[in-house]
Amino acid sequence: MAASRQATTVHDTSTHPTSNKIIVVAIDVGTAYSGYAFSYRSRPQEVIVNNWKSHANDGFSHKAPSSILLNETYNFVAFGYEAEEEFSKIVQNRNKDKFFFVKDFKTQLANDQGLERHLLVQDILKRFVPAHGLFMESIRFLRKHFLETLNKKGFEYEEDDIHYILTIPAIWSDVAKQIMRDSACMAGIKPNNLELAFEPEVAALHCRSIPSENLSGSTKRLEEMFKPGIKFAVLDLGGGTADMTIEQNTLDGKLKHVHKATGGLWGGNKVNQAFLKFISEVISGDILESFVKENLTDFFFLNGQFETKKRSIGKYTTEEIVIQLPASLLEIFMEKTSKTLAQTVKGSIYNKDIDVQRGRLAISAEKFRSFFTRTIQGIVNHVKMILNKPECKDVRYILMVGGFSESPLVEDEMRSNFPDKKIINPVDAGLSVLKGAVLYGFNTETVTARASPLTYGISLYDSFNEKKHDFSKTVTVGDERIVLGCFEKFFTINELVEVGTKRSISVYESYEGKSDAMRMMSKEIEIFSSHEENPKYVTEESCSRHGRIIVSPPNGRWPDKVRGKIEFEFGGTELMVRYIDKATQYVVTGSVDFHQGDNQFDLLRSSVQKQ
Ligand SMILES: Nc1ncnc2c1ncn2[C@@H]1O[C@H](COP(=O)(O)OP(=O)(O)OP(=O)(O)O)[C@@H](O)[C@H]1O
Ligand SMILES: [Mg+2]
């Protein structure tokens with residue numbers, strides 16, 4: 001197929017998908033906690049966040065644990081606090097072999113680029129469970145719960161009155177976004193009623209909407225930070241990821257996301273893991289494992305206490321942190337070692353850090369802080385690295401959102417590591433993603449531009465020109481020497497792209513004299529990405545196959561002359577790639593396949609020719 005570069009750039013924000021929606025609901029399936037929030041078009045600022053009844057503290061909480069209970073055929077039974085409660089009962093009734101309890105599936109499925117396709121995850125008792133469907137079930141549950149809430153309120157609606165926003169870390173890859181989109185659609189949400197939103201970005205929108213009379217202390221700075229032209233970092237610290245974007249206020253009161261999102265796996269749950277690792281060193285891994293297997297309710301209780309204590313420690317805390325140890329843990333320890341845990345600890349290397357007396361574990365503040373060290377160091381190093389880049393030197397504000405940013409220790413460490421930055425920690429940091437996502441749903445145009453996370457392009461072939469091309473990339477076809485795999489760029493990494501920007505190239509192919517079999521074959525258009533600004537060939541190390549669209553011939557057969565257009569659209573939260581057949585206006589978008597596995601590809605077949 002021949003191609004001519006048109007260098008056409010078009011901005012199209014005319015069709016606004018949410019313009020006729022009466023309700024926006026935001027769904028957040030987090031690593032640690034999940035929830036939903038919604039509001040009505042008549043009063044968009046009045047965001048209602050669902051309240052979950054929590055058995056753990058006998059009260060209510062705005063987010064439920066991301067826990068799923070499945071039956072023996074892996075079908076959904078319960079989610080959140082209900083799943084925890086049900087499973088505790090099941091364990092007490094010694095019926096646990098018939099059920100699976102999966103607590104941290106997002107951690108198991110995510111890497112720092114987002115989700116990977118995995119076949120299996122482990123449940124809390126280390127039994128394997130199919131991973132496929134866990135996101136879908138979580139979204140399905142949250143959606144059903146939301147629709148029931150609307151019904152209870154007596155609100156009459158049609159499905160198309162609702163716009164769904166699914167929040168995702170901004171650092172996630174296109175594959176991860178597609179897995180989430182597919183999961184939401186399988187959970188019953190129509191593709192046209194669904195939009196993905198970046199967590200740090202929408203959290204900033206929420207903070208911008210806080211009325212100035214509600215600001216005090218460090219949050220008073222929010223007013224300064226949202227002044228036109230100011231650049232600020234948003235650091236979303238969740239259970240699984242630390243996700244950072246750099247935003248800039250536009251002159252007309254909107255936001256631009258001016259640096260590609262960055263971050264890594266430095267979430268608050270790493271602290272819980274460090275604590276459990278320490279416990280397993282003190283009492284031995286085998287004893288901890290037996291305790292979890294035999295006394296799961298007590299294990300939940302131990303985790304619950306750690307979660308509470310984790311929220312109180314700061315940089316300057318000196319008092320010991322006391323955790324009540326479950327009697328069952330002490331008994332198992334005695335059974336297995338014939339010693340009390342108190343005696344064992346006294347005679348061990350741990351005795352300067354911890355003390356066990358009358359079933360209470362006292363941990364020195366210093367030791368307790370050490371559970372946070374690696375995670376906080378990861379966050380601090382990363383923020384330093386990004387803010388030291390020349391293009392980020394003028395960022396003077398750091399807005400901290402997400403549950404983990406509520407930790408006094410995290411906040412203290414951020415303040416002491418960034419003395420020249422203004423650190424802002426809004427009151428409901430943990431809910432700012434959910435609340436902001438609802439506001440975003442009513443007005444997605446409040447974010448006007450985003451930095452491209454990668455360089456995107458397609459593979460072209462060209463006639464060999466020794467001044468331009470590398471001989472090693474050439475092949476001979478007939479009596480012509482051609483260069484394969486030239487990277488034809490559409491968007492450059494970190495380029496600021498206005499929402500709705502479309503760039504296209506025209507392609508042309510002649511089928512005259514070609515066989516019927518060739519005329520009926522689908523075309524594959526391979527999409528490539530790179531971490532470099534100007535890759536030359538798609539085979540360079542920095543490049544990878546990013547996805548492809550498969551275009552079947554319009555009306556089953558390619559005509560003599562095929563004229564089409566390959567169009568990339570970026571600036572929204574998802575990259576869109578389309579093939580448009582000029583004669584029939586037939587458009588292929590839906591089948592952009594970002595998770596093509598290991599299928600073979602042929603550079604010649606998947607390259608288009610540059611004219
Ligand atoms: N006050 C607090 N002090 C310390 N840690 C806290 C506090 N509140 C919440 N956390 C921690 O924050 C994490 C949960 O934050 P959040 O709800 O934003 O994450 P998530 O959305 O589940 O995760 P992610 O966004 O990474 O998928 C947990 O590790 C929790 O222990
Ligand atoms: Mg989150």
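Please refer to the structure placed before this passage.
This is a predicted model, so every value here is computed, not measured.

Caption draft 1: Geometry of helix α13 (residues 408-417). Every buried residue belonging to α13 is among Leu 409, Val 410, Glu 413 and Met 414, and all of these are buried. Seen from one end, α13 has its buried residues packed into an arc of 135 degrees, which puts them on one side. The inward-facing, buried residues of α13 abut β17 (231-237), α12 (365-387), β23 (397-401) and β24 (422-424).

Caption draft 2: The arrangement of the pairing of strand β30 (residues 501-510) in detail. Among the 10 residues that make up β30, eight are buried, leaving the element largely enclosed by the rest of the structure. Bridge analysis of β30 against strand β33 (residues 561-570) gives 10 bridges, and the strand direction is antiparallel. Note that in β33 the partner of Ile 505 across the bridge is Ile 566.

Caption draft 3: Summary view of the packing of aromatic side chains. The tally for this structure, following the rule as stated, stands at 30 aromatic pairs. An angle of 80 degrees between the planes, with centres 5.2 Å apart, marks the rings of Phe 105 and Phe 135 as edge-to-face. One end of the pair, Phe 105, is in helix α2 (residues 105-109); the other, Phe 135, is in helix α3 (residues 134-152), with 30 residues separating them in the sequence. Exposure class is identical for Phe 105 and Phe 135. Each is buried. With a centroid separation of 5.4 Å and an interplanar angle of 80 degrees, the aromatic rings of Phe 226 and Phe 232 are classed as edge-to-face. Taking relative accessible area as the criterion, Phe 226 reaches 15% and is therefore assigned buried. Taken together, the aromatic side chains of Tyr 36, Phe 38, Tyr 40, Trp 52, Phe 76, Phe 79, Phe 141, Phe 146, Phe 155 and Tyr 164 make up a single cluster linked through ring pairs.

Caption draft 4: Up close: the site of ligand 1. Residues in contact with ligand 1 amount to 22 residues; listed here are only the nearest, Thr 31, Ala 32, Gly 240, Glu 307 and Lys 310. The contact in question runs from an oxygen atom of ligand 1 to an N or O atom on the backbone of Tyr 33, over 2.8 Å. The backbone of Phe 404 places a nitrogen or oxygen atom 3.0 Å from an oxygen atom of ligand 1. Protein coverage of the free-state accessible area of ligand 1, which is 650 Å², stands at 95%. Here the shell around ligand 1 is composed, by residue class, of four nonpolar, 11 polar and seven charged. If you count residues domain by domain, the shell around ligand 1 takes at least three from each of domain 2 (20-210 + 429-442) and domain 3 (269-371).

Caption draft 5: Representation of the packing of helix α1 (residues 80-92) against helix α9 (residues 296-310) in the model. Two elements in contact, α1 and α9, have axes whose closest approach is 8 Å; the angle formed by their N-to-C orientations is 140 degrees. In terms of orientation, α1 lies oblique with respect to α9. Side by side, α1 and α9 meet where Glu 84, Phe 87, Ser 88, Val 91 and Gln 92 of the first sit next to Leu 296, Thr 297 and Phe 300 of the second.

Caption draft 6: Expanded view of the pattern of salt bridges. Using the criterion set out here, one finds 30 salt bridges in the structure. A salt bridge links Lys 422 to Glu 224, with the shortest nitrogen-to-oxygen separation between them at 3.2 Å. Placement of Lys 422 in strand β24 and of Glu 224 in helix α6 (residues 221-225) is noted, with a sequence separation of 198 residues between them. Classification of Lys 422 by relative accessible area gives partly exposed; the value is 27%. One salt bridge in this structure joins Arg 578 and Glu 567, with 2.7 Å as the shortest N-O distance. Pair noted here: Arg 578 is in strand β34 (residues 576-581) and Glu 567 is in strand β33, with a separation of 11 residues, a long-range link. Taken as a pair, Arg 578 and Glu 567 share a single burial class, namely buried.

Caption draft 7: The arrangement of unusual backbone geometry in detail. Although it is not a glycine, Ser 284 adopts a positive phi angle of roughly 90 degrees. Along the chain, Ser 284 falls in the loop between α7 (269-283) and α8 (285-294).

The rules we used
Residues numbered from 1 in each chain as written. Chains lettered and ligands numbered in written order. Predicted model: local features only at pLDDT ≥ 70, side-chain atom pairs only at ≥ 80, totals over all residues. Heavy atoms only, no water. Buried < 20%, exposed > 50% of the residue type's maximum accessible area, 1.4 Å probe, protein only. Helix = DSSP H or I, 4+ residues; strand = E, 2+ residues; numbered from the N terminus. Arc of directions from axis to C-beta. Contact = heavy atoms within 4.5 Å. Pairing = 2+ DSSP bridges. Phe/Tyr/Trp six-rings, centres within 6.5 Å; stacked < 30°, edge-to-face > 60°. Near = heavy atom within 4 Å. Polar contact = N/O pair within 3.5 Å; in protein donor to acceptor, adjacent residues only side chain to side chain. Areas by Shrake-Rupley, 256 points an atom, 1.4 Å probe, with all protein chains shown as cover. Nonpolar A, V, L, I, M, F, W, Y, C, P; charged D, E, K, R; others polar. Domains from an automatic or database assignment. Axes fitted to C-alpha atoms, helices over the stretch in contact; angles between N-to-C directions. Parallel < 35°, antiparallel > 145°, perpendicular 65-115°, else oblique. Salt bridge = Lys/Arg side-chain N within 4 Å of Asp/Glu carboxyl O.

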